[in-house]
Amino acid sequence: VISDLTRDSQRRAQDKGNSLPVPVSPILTAIRPGNPTLHWNSVPGVQRYQVRIAYPPDREDGKVIWEASVGTSTQAPVPPGVLQSGQVYLWQVETSVEGRSRVSPEAGFWVLDANSLRKVVTAERNYRRSALVRASVYETYGLYEEALSQVERLAKKNPNSSRAQAMLNQLRHR
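This text gives an overview of the structure that appears in the document. Along each chain, residue indices are assigned from 1 in the same order as the chain's sequence is written. Note on the predicted model: pLDDT of at least 70 is required for a residue's local features to be given, and 80 or more for side-chain atom pairs to be given and counted; whole-chain, interface and lining totals, by contrast, use all residues. Note: side-chain values were computed over all heavy atoms of the structure, leaving out hydrogens and water.

Thoughts on the overall build of the protein chain
Line of reasoning, step 1. Each helix and strand counted, the protein chain has five helices and nine strands in total.
Line of reasoning, step 2. Order of helices (α) and strands (β) in the protein chain, N terminus to C terminus: α-β-β-β-β-β-β-β-β-β-α-α-α-α.
Line of reasoning, step 3. A 1.4 Å probe rolled over the protein chains alone gives each residue an accessible area, and that area as a share of the maximum for its type sets the label: buried under 20%, exposed over 50%, partly exposed in between. In the protein chain, which comprises 174 residues, the proportion classed as buried is 40%.
Line of reasoning, step 4. Any two residues whose heavy atoms approach within 4.5 Å are treated as being in contact. In the protein chain, 58% of the contacts between residues at least 6 apart in sequence involve partners at least 24 apart.
Line of reasoning, step 5. All accessibility values rest on the Shrake-Rupley procedure with a 1.4 Å probe; residue burial counts only the protein chains present in the view. Working note: accessible area of the protein chain is about 9,700 Å², and carbon and sulfur atoms make up 47% of it. Helix and strand assignments follow DSSP, with helices taken as H or I runs no shorter than four residues and strands as E runs no shorter than two, numbered in order from the N terminus.

Some words on helix H4 (residues 144–157)
Line of reasoning, step 1. What a helix is expected to span follows from its residue count: subtract one and scale by 1.5 Å. Look at H4: 20 Å from first C-alpha to last across 14 residues, which is about the 20 Å you get at 1.5 Å a residue.
Line of reasoning, step 2. Buried within H4 we find Ala147, Gln150, Val151, Leu154 and Ala155. What you see down the axis of H4 is that its buried residues fit within an arc of 140°, all on one side.
Line of reasoning, step 3. If you follow the buried residues of H4, they end up packed against helix H3 (131–140) and helix H5 (162–172). Directions drawn from the helix axis to the C-beta atoms are what define this arc.

Quick look at the pattern of salt bridges
Line of reasoning, step 1. One side-chain nitrogen of Lys or Arg within 4 Å of one carboxyl oxygen of Asp or Glu is enough to make a salt bridge. All chains considered together, the criterion is met by seven salt bridges.
Line of reasoning, step 2. Among the ionic pairs, arginine 32 bridges to glutamate 124, the shortest N-O distance being 2.4 Å. One end of the pair, arginine 32, is in the loop between strand E2 (29–31) and strand E3 (37–40); the other, glutamate 124, is in helix H2 (residues 114–126), and 92 residues separate them in sequence.
Line of reasoning, step 3. Look at arginine 32 and you get partly exposed, because its relative accessible area is 25%.
Line of reasoning, step 4. Of the residues examined, glutamate 124 reaches a relative accessible area of 14% and is grouped as buried.
Line of reasoning, step 5. The salt bridge partner of arginine 52 is glutamate 94, with a shortest N-O separation of 2.3 Å. On the criterion of sequence distance, the pair formed by arginine 52 in strand E4 (residues 46–54) and glutamate 94 in strand E7 (residues 88–97) is long-range, its members being 42 residues apart.
Line of reasoning, step 6. On the basis of relative accessible area, glutamate 94 is assigned to the partly exposed category, the value being 22%.
Line of reasoning, step 7. Bridged by salt links that share partners, the residues Arg32, Glu124, Arg134 and Glu146 form one connected network.

Details of the side chain of glutamine 50
Line of reasoning, step 1. Residue placement: glutamine 50 occurs in strand E4.
Line of reasoning, step 2. A residue is classified by how much of its surface remains accessible, and glutamine 50, at 17% relative accessible area, is buried.
Line of reasoning, step 3. A distance of 3.5 Å separates the side chain of glutamine 50 from the side chain of glutamate 67, its partner in a polar contact.
Line of reasoning, step 4. Beyond its immediate chain neighbours, meaning those up to four positions away, glutamine 50 contacts Glu67, Ala68, Ser69, Gln92, Val93 and Glu94. Polar contact is defined as a pair of N or O atoms within 3.5 Å, subject to the rule that within protein one atom must be able to donate a hydrogen and the other to accept it, and that residues adjacent in sequence are counted only when both atoms are side-chain atoms.

Examining the environment of valine 82
Line of reasoning, step 1. Locating valine 82 in the fold gives a position in the loop between strand E6 (75–77) and E7.
Line of reasoning, step 2. Looking at valine 82, the relative accessible area reads 17%, which means it is buried.
Line of reasoning, step 3. For valine 82 and isoleucine 53, which are 29 residues apart along the polypeptide, the C-alpha to C-alpha distance reads 9.1 Å.
Line of reasoning, step 4. Not counting residues within four places of it along the chain, the set of residues in contact with valine 82 comprises Ile65, Trp66 and Tyr89.

Considering the packing of H3 against H4
Line of reasoning, step 1. For every element, the axis is a line fit to its C-alpha atoms; helices are fit only across the contacting stretch, and the angle between N-to-C directions ranges from 0 to 180 degrees. Where H3 contacts H4, the two axes come as close as 8 Å, and the packing angle between them is 160°. As summarised for this structure, H3 and H4 are arranged roughly antiparallel, according to the angle between their axes. The way H3 lies across H4 gives a crossing that is left-handed. Here Ala131, Leu132, Arg134, Ala135, Tyr138 and Glu139 of H3 come into contact with H4, specifically with Tyr144, Glu146, Ala147, Gln150, Val151, Arg153 and Leu154. The cut-offs work like this: below 35 degrees is roughly parallel, past 145 is roughly antiparallel, 65 to 115 is roughly perpendicular, and the gaps in between are oblique. By convention the crossing between two helices is left-handed if the near helix lies anticlockwise of the far one by an angle smaller than a right angle, and right-handed if it lies clockwise.

The following block contains the structure:
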């Protein structure tokens, strides 16, 4: 459900050009517990951005659990204690341009549960130097942005590898 909501929202925003703020990160990925920073594109003529994190519609009717005004910055650090391990969240950005409200599409992400995090950390410790293994582990646990980073590293070290390029394309277009 979260991927369908996010993908549909992203498609509609792309049709509107650069007049809407569009979430950049995190989207459709797991994140590690802690306090992530949300990132979105800049909108010309913006007066301020308002950011919200909410539960999905099937949990507490999509209750907003955190909201902040961040001025004209295109990022917002989420304070500690807002997000819970193993939970799914939706977030969006609202802005005002020339007195008109513009609301981004919703973007979804989830916070890795404690058991999965332990397994990821163990794999990282055991395979510190292997971008390929780390990318595979990250993808297995839904840490798609981290997997992409490892595959980009792998492709840079192996520019003639068709397999590395295929992995890169697969992660970018999932």
